[in-house]
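Chain by chain, the residues run as shown.
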Amino acid sequence: MEWNPGFPLSIDAKCHKDLPRDIQFDSEKGVDFVLNYSKAMENLFINRFMHMFQSSWNDFADFEKIFVKISNTISERVMNHWQEDLMFGYQFLNGCNPVLIRRCTELPKKLPVTTEMVDCSLERQLSLEQEVQQGNIFIVDFELLDGIDANKTDPCTLQFLAAPICLLYKNLANKIVPIAIQLNQIPGDENPIFLPSDAKYDWLLAKIWVRSSDFHVHQTITHLLRTHLVSEVFGIAMYRQLPAVHPIFKLLVAHVRFTIAINTKAREQLICECGLFDKANATGGGGHVQMVQRAMKDLTYASLCFPEAIKARGMESKEDIPYYFYRDDGLLVWEAIRTFTAEVVDIYYESDQVVEEDPELQDFVNDVYVYGMRGRKSSGFPKSVKSREQLSEYLTVVIFTASAQHAAVNFGQYDWCSWIPNAPPTMRAPPPTAKGVVTIEQIVDTLPDRGRSCWHLGAVWALSQFQENELFLGMYPEEHFIEKPVKEAMARFRKNLEAIVSVIAERNKKKQLPYYYLSPDRIPNSVAI
């Protein structure tokens, strides 16, 4: 069914109990969002604030009343360092939305920034243009949010969105820092370019607006559309077109486990009209739907091929951009999956011709194209697969998206978003239109109220938990395959993954901020939360 116009088609079920029994959750209780969020707020001892809508916090420190210190975690580091430019820049590489930053090859006309403006941030005695030519300037553009309707479901609280453009710089220490922020798309006197050299609170509020915008794009596009909804498309096509005895069904079934169920539950309780998403998010009340509709044009097959997606943003060079752990670990996991799928494909298909002549496989690929991508040629999704190599890449996309990509953008949500000023789910005043007027009181009154802060915290905590009986990448306890060569390929796959776990653990030993979301022992097999 079409849940909203232009969306990838989803399962035709109003609620979880309408689903075929074999794709339902074992116990529906475990994935009741209303229950889980309320339970999360109880566990976090913040339920006393959950009804305090419209009530502002007193100052930044006041947010600590709902901030749970789980010793020595990333979240505590975020709380202590969130105002620093280094921490702000780092999150574009290794936070929970590490997919937006791109190398800037020319300054956009709509961001009229000059060398004079950013001179005190540049460290190489070069002009801004020269820094761009040398590849030291990066950009994050939240154009997608321009004109999206802000949440109007609560008449007592006005909520606001912006569509910022953020320019970043690779300094001499090879760290990425922000050097200019414009809070809306059209330049003008009422849309100033904020700079690190501005008054402290001017610059801080500009960065908070960027963090809030990043949160919206992360939740609705990076997470919901590009992992949850895409994996559901693969799952439905698999169940519809591949019989359970087909080797590709056997390979993929573990990677779509509970995905249709979790998405159905989300449509029932979370992202529906008057759902939980409306409670605390500025894009609730329909804005999130508009965002998905807009983002569909960028949902391409190439953008789901991890190495190509990294290259398309000009972020592939390890020498040039050394601290991009999402890229480094993602490439290792992608290669391990690619090797494994190629081995399985070679066992069952002795030539490209056998691939071409497998009608069930071709129907599966076509189903994804027609119903998932809505037959959009520009999506670049194949209508058919012609070779063993193409098939193994396609299967890698399916498995990587459901496992690694989802893990990278889901399980860091509590780490990075629990300190509210670092990821405000809504803003209660419009972006500033002039410099030199922002006060700390104004910032606190712009940030979410106590009630919304609590709902947000309950959400990011609940979303960051593994399932009780979680199955991680490489674990295939339901023995669908009985053939020895496949079992041997699986054992090699597990060995490769264990080696990656060791490489990542070794690197993280020396890090104050470890990056572990793509360590295979923390990557669930499927999108199920």
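Calculation criteria
Residues numbered from 1 in each chain as written. Predicted model: local features only at pLDDT ≥ 70, side-chain atom pairs only at ≥ 80, totals over all residues. Heavy atoms only, no water. Salt bridge = Lys/Arg side-chain N within 4 Å of Asp/Glu carboxyl O. Helix = DSSP H or I, 4+ residues; strand = E, 2+ residues; numbered from the N terminus. Buried < 20%, exposed > 50% of the residue type's maximum accessible area, 1.4 Å probe, protein only. Phe/Tyr/Trp six-rings, centres within 6.5 Å; stacked < 30°, edge-to-face > 60°. Lys NZ or Arg CZ within 6 Å of the ring centre and 35° of its normal. Axes fitted to C-alpha atoms, helices over the stretch in contact; angles between N-to-C directions. Parallel < 35°, antiparallel > 145°, perpendicular 65-115°, else oblique. Left-handed = near helix turned anticlockwise from the far one by under 90°. Contact = heavy atoms within 4.5 Å. Nonpolar A, V, L, I, M, F, W, Y, C, P; charged D, E, K, R; others polar. Core = buried A, V, L, I, M, F, W, Y, C linked by side-chain atoms within 4.5 Å. Polar contact = N/O pair within 3.5 Å; in protein donor to acceptor, adjacent residues only side chain to side chain. Expected span 1.5 Å × (residues − 1). Disulfide = S-S within 2.5 Å.

So, the pattern of salt bridges
Here is step 1: This model, assessed by the stated rule, comprises 23 salt bridges.
Here is step 2: For Asp320, the salt bridge identified is with Lys170, shortest N-O distance 3.7 Å. With Asp320 in the loop between helix 12 (306–312) and helix 13 (325–348) and Lys170 in strand 3 (residues 165–170), this pair connects stretches of sequence that are 150 residues apart.
Here is step 3: Judged by relative accessible area, Asp320 falls into the partly exposed class, the value being 28%.
Here is step 4: The buried category is assigned to Lys170, whose relative accessible area is 5%.
Here is step 5: When the shortest N-O distance is used, the salt bridge between Lys509 and Glu506 registers 3.0 Å. Taken together, the positions of Lys509 and Glu506, both in helix 20 (residues 484–509) and three residues apart, correspond to about one turn of that helix.
Here is step 6: According to the relative accessible area criterion, Lys509 is exposed, its value standing at 64%.
Here is step 7: On the accessibility criterion, Glu506 (41% relative accessible area) is partly exposed.

Some remarks on the packing of aromatic side chains
Here is step 1: Applying the stated criterion across every chain yields a total of 20 aromatic pairs.
Here is step 2: An angle of 75 degrees between the planes, with centres 5.9 Å apart, marks the rings of Tyr239 and Phe249 as edge-to-face. On the criterion of sequence distance, the pair formed by Tyr239 in helix 6 (residues 200–241) and Phe249 in helix 7 (residues 247–252) is long-range, its members being ten residues apart.
Here is step 3: Measuring from centroid to centroid gives 4.3 Å for Phe340 and Phe493, while their planes differ by 5 degrees, and the two rings are stacked. Highlighted residues: Phe340 in helix 13 and Phe493 in helix 20, separated in sequence by 153 residues. For the pair formed by Phe340 and Phe493, the shared burial category is buried.
Here is step 4: Clustering of aromatic rings is evident, with ring pairs tying together Phe234, Tyr301, Phe364, Phe381 and Tyr394.
Here is step 5: Above the ring of Trp455, the side-chain terminus of Lys279 is found at 4.9 Å from the ring centroid.
Here is step 6: Positioned above the aromatic ring of Tyr516 is the side chain of Arg522, whose terminal nitrogen or guanidinium carbon lies 4.1 Å from the ring centre.

Here we look at the packing of helix 6 against helix 8 (residues 259–269)
Here is step 1: For the pair helix 6 and helix 8, the least separation of the axes is 9 Å and the interaxial angle reads 130 degrees. Considering the angle they form, helix 6 stands oblique to helix 8. Between helix 6 and helix 8 lies a crossing whose hand is left-handed. Residues His228, Leu229, Ser231, Glu232, Gly235, Ile236 and Tyr239 of helix 6 form the contact with helix 8, whose participating residues are Thr259, Ile260, Ile262, Asn263 and Arg267.
Here is step 2: Among the residues forming the contact of helix 6 with helix 8, the class breakdown is five nonpolar, five polar and two charged.

Quick word on the nonpolar core
Here is step 1: Residues Ile101, Phe364 and Trp416 are the most contacted members of the largest nonpolar core, which totals 140 residues.
Here is step 2: Ranked by the residues each element gives to this core, the list is headed by helix 6, at 18 residues.
Here is step 3: Aside from chain neighbours lying at most four places away, what touches Phe364 is Phe234, Ala237, Met238, Gln241, Leu242, Leu252 and Tyr394.
Here is step 4: Leu122, Leu128, Ile139 and Tyr169 belong to the second largest nonpolar core, which has 18 residues in total.

Quick word on the side chain of Asp154
Here is step 1: The topology assignment puts Asp154 in the loop between strand 2 (137–141) and strand 3.
Here is step 2: Here the side chain of Asp154 touches Cys156 through a polar contact of 2.8 Å, landing on its backbone nitrogen.

Re helix 19 (residues 450–463)
Here is step 1: For helix 19, which comprises 14 residues, the first-to-last C-alpha distance of 20 Å matches the rise-based estimate of 20 Å (1.5 Å per residue) to within 8%.
Here is step 2: For helix 19, a buried count of 13 out of 14 residues is recorded, marking the element as mostly surrounded by other parts of the structure.

Describing the state of the cysteines
Here is step 1: All chains considered together, the criterion is met by zero disulfides.
Here is step 2: Between Cys454, a free cysteine, and Cys417, which holds the nearest cysteine sulfur, the sulfur-to-sulfur gap is 16 Å.
Here is step 3: Here Cys454 falls in the buried class, since its relative accessible area comes to 0%.

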